[in-house]
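The chain contents come next:
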Amino acid sequence: MPTVSGEHLLMPLGAKPTLKQVGLNVHGARRTERYIMDNLWSVHLYRWSGALQIGTRSYAISPGCAGVEPPNTPLLWRYDNERCPHYYAHFALRTGGPVTRVPIVQQTGAAFAQLCEEMETLITLFSVHPLRAEIRLWDLLLRLAVTQKQSVPRANPLPFVVQTAVAIIENELAQAPRVAQIAKRVGISHNQLTRLFDQCFGHGVAAHIRKRRLEKAQHLLTHSNLPIKTIAHELGLPDLQQFNKFIRKATGRAPSHFRRPPAA
């Protein structure tokens, strides 16, 4: 059984998950439901109020919460009304390797709408391109992790427009978002958004997009067996020559270098 540390689970997120099911369900016809997911983890985005019991511990649920549940563990949901919709994904994780602390239940606030959009994308992709769906699920889980690197101190939280812009970038790397389009969507000018990013991160929006592409590319090249062409497409650089040039310029090495184990 996975380790529970306080209000968190220790998840082996060093390699991408294997997605088994994803969808939107409506519960509540029965006020309680019990499950045990054999060898499968779960993640939920909740639009209802109630509670989740894992083993002997109970966790309050309210609209806007995200939750993760471990495999092979008794789970008991309690619903406060007869119509309780939530998004769900069931997936397998490779055991061993480094672990990441993820809250069992957390209130996601302004990020909830983006997380639901990501789940809708997962549902669409899963039937036509499951490998890309698994990458998106991996991103979602890492976003929920409490060990996610913070670009600014907690005492100085990001402005809401920057939070929204960052969420757009994370969700839409595959669509190659343009700075002007992002600025328009968050309701400020290109120059204002660039200035805010520079204040918060020490670089502009375009540099932030390049940085996130590079970090995600290196992670996927190193920790997954996805074809390089698939990785390039997921990062909004579907032309392999362009992708190779991007990686070489940033690292001085070809993408294939990150697929090889380090020399002994």
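In this text the structure is predicted, and so the values were computed from the model without any measurement.

S.K.: Help me understand the overall build of the protein in this model?
M.R.: When you go through the protein residue by residue, the secondary structure sums to eight helices and twelve strands. Taking 264 residues into account, the globule formula puts the C-alpha radius of gyration at 18 Å, and the protein, at 19 Å, falls close to it. The principal-axis extents of the C-alpha atoms in the protein amount to approximately 55 × 50 × 35 Å. Out of the 264 residues in the protein, the part that is buried amounts to 48%. Residue pairs in contact within the protein that sit at least 24 positions apart in sequence constitute 75% of those at least 6 positions apart. Roughly 13,600 Å² of accessible area belongs to the protein as shown, and the carbon and sulfur atoms make up 51% of that amount. Positive and negative charge centroids in the protein, built from 32 and 17 side chains respectively, lie 8 Å apart.

S.K.: What should I look at first to understand the state of the cysteines in this one?
M.R.: Here the structure, examined in full by the defined rule, presents zero disulfides. Lacking any disulfide linkage, C65 is separated from the closest cysteine sulfur, that of C116, by 12 Å. Classification of C116 as buried rests on a relative accessible area of 5%.

S.K.: Would you take a moment to explain the pattern of salt bridges for this structure?
M.R.: For side chains bearing opposite charge, pairing can occur when the charged atoms are close. For the structure shown, the criterion picks out eleven salt bridges. Among the salt bridges present, the one from K216 reaches D139, with a minimum N-O distance of 2.6 Å. With K216 in helix α6 (residues 205-223) and D139 in helix α2 (residues 130-144), the pair connects residues that are 77 residues apart, well separated along the chain. Just as K216 is buried, D139 falls in that class too. With a closest N to O distance of 2.7 Å, K211 and E215 form a salt bridge. Placement of both K211 and E215 in helix α6 is noted, with a separation of four residues, approximately one turn of the helix. Bridged by salt links that share partners, the residues E118, R132, R136, D139, K216 and E234 form one connected network.

S.K.: Even after reading the chapter, I still don't get the sheet that holds strand β5 (residues 41-46), so can you show me in this structure?
M.R.: Two orientations exist for strands paired in a sheet by backbone hydrogen bonds: parallel and antiparallel. Taken in spatial order, the five strands line up as β3-β10-β5-β8-β12 in an open sheet, and their pairing is antiparallel. The open sheet has two edge strands with one neighbour each: β3 (18-27) and β12 (105-107). Ignoring strand direction, the axes of neighbouring strands in this sheet form an average angle of 15°. Here β5 runs beside strand β8 (residues 65-69); their pairing, made up of four bridges, is antiparallel. Paired with L45 across the two strands is A66, which belongs to β8.

S.K.: Got a minute to help me understand the nonpolar core in this structure?
M.R.: The nonpolar side chains of a soluble globular protein tend to be buried with one another. Grouped together as the largest cluster of nonpolar side chains are 39 residues, with contacts concentrated most on M11, V43, F91 and M119. Per-element tally for this core: the top contributor is helix α1 (residues 112-128), with six residues. Every residue in contact with V43, bar those within four places of it in the chain, is listed here: G67, V68, E69, Y87, Y88, A89, F91, M119, L137, L140, L141 and L144.

S.K.: Whenever I open this one, the pairing of β8 confuses me. Can you help?
M.R.: Walk down a regular strand and you will see the side chains alternate between the two sheet faces. Here β8 lies mainly inside the structure; five of its five residues are buried. Here β8 shows a buried face lined by C65, G67 and E69 and a second buried face lined by A66 and V68. Pairing between β8 and β12: three bridges, direction antiparallel. Along β12, the bridge assignment pairs G67 with V105.

S.K.: In this structure, what is going on with the packing of helix α3 (residues 160-171) against helix α5 (residues 190-201)? I would like to understand it.
M.R.: The description of two packed helices rests on the angle between their axes and on the distance between the axes. For the pair α3 and α5, interaxial distance at closest approach is 10 Å and the crossing angle is 95°. By the angle between their axes, α3 is roughly perpendicular relative to α5. Contacts between α3 and α5 involve V161, V162, A165, V166 and I169 from the former and L193, L196, F197, C200 and F201 from the latter. Each residue belonging to the contact of α3 with α5 can be placed in one class, and the counts come to ten nonpolar, no polar and no charged.

S.K.: Sorry if this is basic, but what is going on with the confidence of the model for the protein here?
M.R.: Segments scoring low in pLDDT should not have their predicted coordinates read at a detailed level. On average, residues of the protein carry a pLDDT of 85, and 91% of them reach 70 or more. Mean pLDDT values for the elements of the protein range from 43 in strand β1 (residues 4-5) up to 96 in β5. This model gives residues 1-5 a pLDDT under 50, and the stretch forms 13 contacts once residues within four places in sequence are excluded. Every residue in residues 147-156 scores below 50 in pLDDT, and together they form nine contacts with partners more than four places removed in sequence or on other chains.

Conventions and cut-offs
- Residues numbered from 1 in each chain as written.
- Predicted model: local features only at pLDDT ≥ 70, side-chain atom pairs only at ≥ 80, totals over all residues.
- Heavy atoms only, no water.
- Helix = DSSP H or I, 4+ residues; strand = E, 2+ residues; numbered from the N terminus.
- Rg over C-alpha atoms; globule rule 2.2 N^0.38 Å.
- Buried < 20%, exposed > 50% of the residue type's maximum accessible area, 1.4 Å probe, protein only.
- Contact = heavy atoms within 4.5 Å.
- Areas by Shrake-Rupley, 256 points an atom, 1.4 Å probe, with all protein chains shown as cover.
- Lys, Arg positive; Asp, Glu negative; His and termini not counted.
- Charge placed at Lys NZ, Arg CZ, Asp CG, Glu CD.
- Disulfide = S-S within 2.5 Å.
- Salt bridge = Lys/Arg side-chain N within 4 Å of Asp/Glu carboxyl O.
- Pairing = 2+ DSSP bridges.
- Axes fitted to C-alpha atoms, helices over the stretch in contact; angles between N-to-C directions.
- Core = buried A, V, L, I, M, F, W, Y, C linked by side-chain atoms within 4.5 Å.
- Parallel < 35°, antiparallel > 145°, perpendicular 65-115°, else oblique.
- Nonpolar A, V, L, I, M, F, W, Y, C, P; charged D, E, K, R; others polar.
- pLDDT = per-residue confidence, 0-100.

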